[in-house]
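# An overview of the molecular structure
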Amino acid sequence: MSGKEQKYIDEVFKSNYIAPFGSFITRFEESIKAYTGVSNALALSSATAGLHLALRVLGIGRGDTVLASSFTFIGSVNCILYQGAEPIFIDSDESWNVSPILLKKAIRELPKKPKVFILTHLYGQVAKMDEIVAICKEEGIYLIEDAAESLGASYRGQQSGTFGDFGVYSFNGNKILTTSGGGVLVSDNEEWIAKAKFLSTQAKEPFLYYEHEEYGYNYRMSNVLAAIGVAQVEVLDERVERKREIFNFYQEKFKSIDEISWMPEIEGGRGNRWLSTMLLDKTNPMKIIEALELSSIDSRPLWKPMHMQPLFRKSRAFVDGTSETLFSRGLCLPSPTSASNKELMRVVEVIKTVC
Ligand SMILES: *Cc1c(COP(=O)(O)O)cnc(C)c1O
């Protein structure tokens, strides 16, 4: 927390609007719009809910196919299953993010044209947006950006999450900003966000008596959490700066170890370095994770790609081994903005004893 959250929460309690409506929800949505430059925003209970609503609004359902980055967290793609659609996974390239070449290949080779592509900006690093936006436009495929991890990251000066038909940011406990749990769905299409809002509040038709023509969800964010969100957005630039400092710190300290390399930042991209992530040429990352754990330091492997998940055993995938290699050789380092350089140095020392 930054300090201001408590003050805003007190205002909410004084107003007595402890509900999924109230002035802080509007303020939170306005602050996201102002920061990212997108024209419509909807505060929700999670990013997962936002992705689900995006597919609902786009009319995706049974019999439809949806492309998705394979190298991501399950939250990106659960929505495809909720809608009874079929996921098709695309591998990464040297950027760690999705490969535009494999994306094109998938579209060319699939017997049926996919309707949507759900792109993840992994670990807060933006994907190759020039190429990806061009492919989706040319092929008439809707683009949804899963920017859950990349709030504050930009490509050629434009914020991640604002390139596609929809974008979604997460405010889960582990993200660069948090409301304890929450998400924001954004789009430049006003009608779509209005429709998503309608669906997120139980699809109530505009009558005083409760009338329903279709089914909706209970996906809105609470005014209390939105108050936390308003205070969090105020410190987003500081958080990005500190995350990037943490990354530079690690990179500098490990300069002498040849086997270590880092998730790249593509030309034109400026990531938020949500997590500092490294690759190891020789050392098994599990050895490092175990050594860190002995010092009570938490770390994780990289995401296990979706096409390797038992859940998606039967799903189609266009892969070339890139994300499988990243998964087997990669490591997420502890990267909290609250950590001091002294604490980060402890991480460095433990890893140096293993490598
Ligand atoms: C965290 C995360 C999500 C899910 O966000 P929630 O707000 O927890 O639902 C989705 N996709 C990615 C890539 C994430 O990291």
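Computed from a predicted model, the values in this text were never measured in an experiment. (Residues numbered from 1 in each chain as written. Predicted model: local features only at pLDDT ≥ 70, side-chain atom pairs only at ≥ 80, totals over all residues. Heavy atoms only, no water.)

This paragraph deals with the sheet that holds strand β10 (residues 260-262). The strand order across the open sheet formed by 3 strands is β10-β12-β14, and the pairing between neighbours is antiparallel. Single-partner strands in this sheet number two, and they are β10 and β14 (330-333). The sheet shows a mean angle of 35° between the axes of neighbouring strands, taken without regard to direction. Note that strand β12 (residues 276-280) and β14 share 4 bridges and pair antiparallel. Residue pairing in the sheet places L279 in a bridge with G330 of β14. (Pairing = 2+ DSSP bridges. Helix = DSSP H or I, 4+ residues; strand = E, 2+ residues; numbered from the N terminus. Axes fitted to C-alpha atoms, helices over the stretch in contact; angles between N-to-C directions.)

Moving on: the pairing of strand β5 (residues 142-146). Most of β5 sits inside the fold, with 4 of its 5 residues counted as buried. Pairing of strand β4 (residues 116-120) with β5 involves 5 bridges; the strand directions are parallel. From the neighbouring strand, V116 faces β5, where its bridge partner is Y142. Sheet topology note: the β5/strand β8 (residues 166-170) ladder contains 3 bridges and is parallel. Bridged to D146 within β8 is V168. (Buried < 20%, exposed > 50% of the residue type's maximum accessible area, 1.4 Å probe, protein only.)

Right, let's talk about the nonpolar core for a bit. The nonpolar side chains of a soluble globular protein tend to be buried, and buried together. F28, I32, W96, Y123, Y169, F171 and V184 are the most contacted members of the largest nonpolar core, which totals 39 residues. For this core, the secondary structure elements donating two or more residues are α1 (5-15), α2 (23-36), β1 (40-44), β9 (183-187), α8 (223-234) and α9 (236-253). Two domains each put at least three residues into this core: domain 1 (5-233) and domain 2 (237-354). Filtering out sequence-adjacent residues up to four positions away, I32 remains in contact with G37, A41, Y169, F171, V184, V186 and V233. Counting 35 residues, the second-largest nonpolar core is a separate cluster that includes L53, A54, V66 and V77. (Core = buried A, V, L, I, M, F, W, Y, C linked by side-chain atoms within 4.5 Å. Domains from an automatic or database assignment. Contact = heavy atoms within 4.5 Å.)

A separate point is the packing of aromatic side chains. Applying the stated rule across the entire model yields 17 aromatic pairs. A ring pair is formed by F247 and W262, whose centres lie 5.5 Å apart and whose planes are at 85°; its orientation type is edge-to-face. On the criterion of sequence distance, the pair formed by F247 in helix α9 and W262 in strand β10 is long-range, its members being 15 residues apart. The same class applies to F247 as to W262, namely buried. The interplanar angle of 70° and the centroid separation of 6.4 Å between the aromatic rings of F249 and Y250 together place this pair among those described as edge-to-face. One exposure class covers both F249 and Y250, and it is buried. Ring-pair connections join several aromatic residues into one group, and the members of that group are F247, F249, Y250, F254 and W262. Sitting over the ring of Y8, R27 keeps its end group 5.1 Å from the ring centre. Above the face of the F247 ring, R273 is positioned so that its terminal group lies 3.5 Å from the ring centre. (Phe/Tyr/Trp six-rings, centres within 6.5 Å; stacked < 30°, edge-to-face > 60°. Lys NZ or Arg CZ within 6 Å of the ring centre and 35° of its normal.)

With that settled, the discussion passes to the site of the ligand. Lining the immediate environment of the ligand, one finds 15 residues, of which T48, D146, E149, S170 and K175 sit closest. In this structure, an oxygen atom belonging to the ligand sits 3.4 Å away from a side-chain N or O atom of K175. Counted by class, the shell around the ligand contains 3 nonpolar, 9 polar and 3 charged residues. (Near = heavy atom within 4 Å. Polar contact = N/O pair within 3.5 Å; in protein donor to acceptor, adjacent residues only side chain to side chain. Nonpolar A, V, L, I, M, F, W, Y, C, P; charged D, E, K, R; others polar.)

For the rest of this paragraph, the subject is the state of the cysteines. Scanning all chains against the criterion turns up 0 disulfides. Free of any disulfide, C136 has its nearest cysteine sulfur in C79, 15 Å distant. Of all cysteine sulfurs in the structure, the one in C332 sits closest to C355, which takes part in no disulfide; the separation is 15 Å. Under the relative-accessibility criterion, C355 is labelled partly exposed at 30%. (Disulfide = S-S within 2.5 Å.)

Moving on: the domain arrangement of the protein. On domain assignment, one finds that the protein holds domain 1 (5-233) and domain 2 (237-354). Here domain 1 and domain 2 have C-alpha centroids that lie 25 Å from each other. The interface of domain 1 with domain 2 comprises 47 residues on the first partner and 40 residues on the second. Summing both sides of the interface, domain 1 and domain 2 together bury roughly 3700 Å²; the carbon and sulfur share of this comes to 64%. Together, W96, Y123 and Q125 form the three largest contributors to the area buried by domain 1 at its contact with domain 2, with a combined 23%. Connecting domain 1 to domain 2 are 1 salt bridge. R156 serves as the salt-bridge partner of E267, at 3.2 Å between the closest nitrogen and oxygen. Connecting domain 1 to domain 2 are 22 residue pairs in polar contact (both at pLDDT 80 or more). The set of elements that each furnish at least two residues to the side of domain 1 that touches domain 2 consists of β3 (86-90), α5 (100-109) and β6 (154-155). Residue contributions to the side of domain 1 that touches domain 2 peak at 5 residues, all from β3. (Buried area = accessible area lost by both parts, 1.4 Å probe. Salt bridge = Lys/Arg side-chain N within 4 Å of Asp/Glu carboxyl O.)

Glancing now at helix α7 (residues 190-200). Within the span of α7, buried status applies to W192, I193, A196, F198, L199 and S200. Measuring from the backbone nitrogen of E191 back to the side-chain oxygen at the start of α7 gives 3.1 Å, which picks out N189 as the cap. Looking one or two places after α7, you find Q202, whose phi comes out positive at around 70°.

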